[in-house]
Every structure is written in C-alpha cells, then in structure tokens.
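Each chain, written out:
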Amino acid sequence: MPLDKILLQSLTSSVRRFVDERLIPEEMRVSRADAIPEATVEEMRRLGLFGLSVPEVYGGLGLSMEEEVSVMLELGRASPAFRSLIATNVGIGSQGIVIDGTEEQKQRFLPPIASGEIIASFALTEPEVGSDAASVRTTARREGDVYYLKGTKRFITNAPRAGLFTVMARTDPSKPGASGVSAFIVEAGSPGLSIGKPEHKMGQQGSHVADVIFDDCPVPAANLIGGVEGRGFRTAMKVLDRGRVGIAAACVGFAERILDEMVAYAASRRQFGSPIAEFQLVQAMVADSRTEAYAARCMVLETARAKDGGLNIGTEASCCKLFASEMVGRVADRNVQIHGGSGYISDYAAERHYRDVRLYRIYEGTSEIQRLKIGRDTVRAANVS
Ligand SMILES: Cc1cc2nc3c(=O)[nH]c(=O)nc-3n(C[C@H](O)[C@H](O)[C@H](O)COP(=O)(O)OP(=O)(O)OC[C@H]3O[C@@H](n4cnc5c(N)ncnc54)[C@H](O)[C@@H]3O)c2cc1C
C-alpha cells in the first residue's frame, strides 16, 4: 500500500478513536457548559485537525479533498460543535489565503492557522446582507498603504476566540455588486475592531458566533488577499465551494452516527412483547435513513475525487451540501420518532442532535440558495435560451 494511503488510514483511525473515546463521552457536558474544555482543544491541535487543508510547506497536513472528506466523515460523527471549532481554520477562514493569497501572506498567516495557535474566522454576512452576499456594505477606504474598514459582520463563527478574520469589504463603492468587493486579512486586536456578545443559539452549544464590528479599523494594504482589489467575492465563492463539500461530509458522518444510535435504541426498547426494531414501520425509518446516508456518502466522495482531478465542482458542491444537510435533518427527525417520548427529553442525545443539525441547512448558503445555483447552472449548461 502506498505510504500516503497508510498515513491517511492511520489519521482516520486516530480521529475515529478520538471521537469515540474523548469527544462523544464529553458532548453532554460541552453542551450544558456551552464550552469545549481547553484540554480537548489541545488534543485537537496535537492531532493536526486545525491544519488538515493547509499545504505541508506552511505547516499543515496538505490533504487532498478526498482525504479531507475521509477525516470529516469520522470527525463529523461527534457533536457538530467540535467540528465547528476546527472548521473555520480548515475551510472558510484559511482557504481564501491558501487559494488566492500572495506568497508573503501564506508564509506569514498559514503556519499559526495550521497549528491551531490561532483561530481564523470568515466574515461575509452582515445585518442587511445574507443570501445576497454580493451586496456587502462594509467598506474599505484606502489612504496610502492602509485601508480603513467600516461596517458590521453578523453571525461570525468562532469570532470570540479568533486571532484573524478573512473579511469581505467593498473597496469600490461605484460598483454595487460582486466586482466592488475585496478580501482582507484582519488581525484580532486591531484598533477599531470589536466583537459583540456571543449569540444564544438553538443548538451546537460550545461553538460561538458573534458580531464583528469595524469602526475605521486600519488594515495594511499588504493584507489585501492576492494584492488585487475587486476579487474578494470570487475568492469567497471558491472558498465556499470547498467548504460545502466539507460540511456535506460532516453531515454524512453525523447521519451515520445517528443511524447507529437509532438502531441500538430500537433493539433495546420493547413494546408489544418485542424489540421495536422488529416492527416493519420502524425498520422503514431505519432503511430510509441508511439509504439516504449512503447516497450522500457516495456524492461527497465522488465530488471530492472530481475536485482532486482538477474539475470545477461548484454545482456538485451545492448538490452535496443541499442533499446531505437536508438528509441529516430527516435522519435526526426519524431518530426522535424512534425514541418516542424519550426523543423529546433533553437527557437523551436524540433531542440535541435534532437541534444541532438544523444549522447545516442555513449557513454557507441556505438550501434555497443551493437550489437556485444548481438550477441556474444546469439550465445554463443546457443552453436552452
Ligand atoms: C450559527 C451560525 C453561524 C454562521 N457562521 C457564519 C460565518 O462564520 N461567516 C459568515 O459570513 N456567515 C455566517 N453565518 C451566516 C449565514 O451564512 C447566513 O445566516 C445565511 O447565509 C443566510 O443569510 P440570512 O441569515 O441573512 O438569511 P436571508 O438571506 O435573509 O434569508 C432568509 C430566508 O429567505 C430565503 N431566501 C433569500 N433569498 C432568496 C431567494 N433569492 N430565493 C428564495 N429564497 C431566498 C433564504 O433561503 C432563507 O430561507 C452563520 C449563521 C449562523 C446562524
């Protein structure tokens, strides 16, 4: 077997063990305390989880998309709050620099992101700008070698602990759409940068989101990603293509975990003198869940391989994100149903899973936005008009 295959297998089995022995047993405590213990964060650093997608020359593991997906299928089995902590470093927070950054930016910022020494967040959404992401209102005004950022970013994952933000801001107010937007690397602690109070969320306790406010925050021109204005929106979209495949893989991992739990519960719970697992209406819920999780697994792996083969996977990434996030919602819902009344009680994990997975259909592009993209791309490719 080639060395990289052996190393990948050893990484995925280490992550599987870590999830089973350390993360899953800790989930309830993390959820109740709304915090991941520092010792666990340190273990995640030691496993290299923060640097999965950062190239080896900058201190990461440099995994291909298929390899990253293999790790996410395992890590995704744990509560999504754990994935959320590393996800911005692996995906949306770092990839702008990896894909479009200058050599200097890569050398300076990627090593601490890869090691997990700093957390990198991605700041696109604003109070008035969500799905219509090209209408960013935060401005970046240039004076000499400095840009001054002004505006508010909303719901920014990991903002309270971030050391660095990839921020989309409008450098050309005369261009209202995507071409007026640029991407910046902004370091925490910069003057004029402040973080709002963490939001109270429906689920994924232990992972935090907050506003990021820029009040004439000075950012050196050297931190303009790629060194060219007007490319920020394109950078953001490339980052999201990759991120959507990663999220879809996490959805598959979690669905497979929930499937194991629903079957274990159905085997242990007895009604009418038999385990409920023997009732065909219960088996139908198990069968649908297994089939859909399997379909999503195949989609995600196929898309990851296509990306590694150099193909443009923008549409397929949206197909994966749409199907896998909706699929895990259905699986979590059936799990509550199979648990009966216990599924509604917060002492059981089923209730928490149900709340935790809801977010997957909203962030990094809602299901509606994925459908719009898939529909538009498909019709355009058919050249119908
Ligand atoms: C916990 C959490 C973490 C997040 N993390 C980040 C982060 O790290 N960085 C970041 O930048 N953002 C982040 N977000 C923001 C997230 O990406 C947005 O909330 C999401 O893109 C939707 O935008 P919105 O909330 O403004 O909803 P809106 O865009 O206002 O949408 C509201 C509803 O209208 C629908 N809709 C909108 N436009 C259309 C249309 N043209 N056709 C049909 N339906 C439409 C949407 O699908 C949705 O159902 C996070 C959000 C949450 C809740």
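Residues numbered from 1 in each chain as written. Predicted model: local features only at pLDDT ≥ 70, side-chain atom pairs only at ≥ 80, totals over all residues. Heavy atoms only, no water.

## Describing the packing of helix H9 (residues 314-338) against helix H10 (residues 349-356)
Next up, step 1: At a minimum axis distance of 9 Å, the contact between H9 and H10 shows a crossing angle of 155°. Accordingly, the angle class assigned to the pair H9 and H10 is roughly antiparallel. The interaxial crossing formed by H9 with H10 has left-handed handedness. Residues Ala332, Asp333, Asn335 and Val336 of H9 lie in contact with H10, whose contacting residues are Ala350, His353 and Tyr354. (Axes fitted to C-alpha atoms, helices over the stretch in contact; angles between N-to-C directions. Helix = DSSP H or I, 4+ residues; strand = E, 2+ residues; numbered from the N terminus. Parallel < 35°, antiparallel > 145°, perpendicular 65-115°, else oblique. Left-handed = near helix turned anticlockwise from the far one by under 90°. Contact = heavy atoms within 4.5 Å.)

## Some words on the site of the ligand
Next up, step 1: Close to the ligand lie 18 residues; Thr125, Ser131, Thr157, Thr366 and Glu368 are nearest.
Next up, step 2: Side-chain polar atom of threonine 125 to a nitrogen atom of the ligand: 2.7 Å apart, as the coordinates give it.
Next up, step 3: Contact between the ligand and phenylalanine 155: a nitrogen atom at 2.8 Å from a main-chain N or O atom of the residue.
Next up, step 4: Computed on the free molecule, the ligand has an accessible area of 980 Å², of which 63% lies beneath the protein chains in the complex.
Next up, step 5: Elements supplying a minimum of two residues to the shell around the ligand: strand E1 (119-123), strand E3 (146-157) and helix H11 (367-382). (Near = heavy atom within 4 Å. Polar contact = N/O pair within 3.5 Å; in protein donor to acceptor, adjacent residues only side chain to side chain. Areas by Shrake-Rupley, 256 points an atom, 1.4 Å probe, with all protein chains shown as cover.)

## Here's the deal with the environment of lysine 373
Next up, step 1: Turning to its location among the elements, lysine 373 is positioned in helix H11.
Next up, step 2: Each C-alpha atom, one on lysine 373 and one on threonine 315, is 7.0 Å from the other, the two residues being 58 residues apart in sequence.

## Details of the packing of aromatic side chains
Next up, step 1: Within the structure shown, the criterion is met by three aromatic pairs.
Next up, step 2: Consider the rings of phenylalanine 272 and phenylalanine 279, whose centres lie 6.2 Å apart with planes at 75°: the pair is edge-to-face.
Next up, step 3: Judged by its relative accessible area of 80%, phenylalanine 272 is exposed.
Next up, step 4: Relative accessible area serves as the criterion here: at 27%, phenylalanine 279 is assigned to the partly exposed category. (Phe/Tyr/Trp six-rings, centres within 6.5 Å; stacked < 30°, edge-to-face > 60°. Buried < 20%, exposed > 50% of the residue type's maximum accessible area, 1.4 Å probe, protein only.)

## Observations concerning a nonpolar patch on the surface
Next up, step 1: A cluster of nonpolar side chains, contributed by Tyr344, Ile345 and Tyr348, occupies part of the molecular surface with about 360 Å² of accessible area.
Next up, step 2: Residue placement: tyrosine 348 occurs in the loop between H9 and H10. (Patch = residues over 30% accessible without salt bridge, like charges linked within 9 Å, V, L, I, M, F, W, Y side chains within 5 Å. Salt bridge = Lys/Arg side-chain N within 4 Å of Asp/Glu carboxyl O.)

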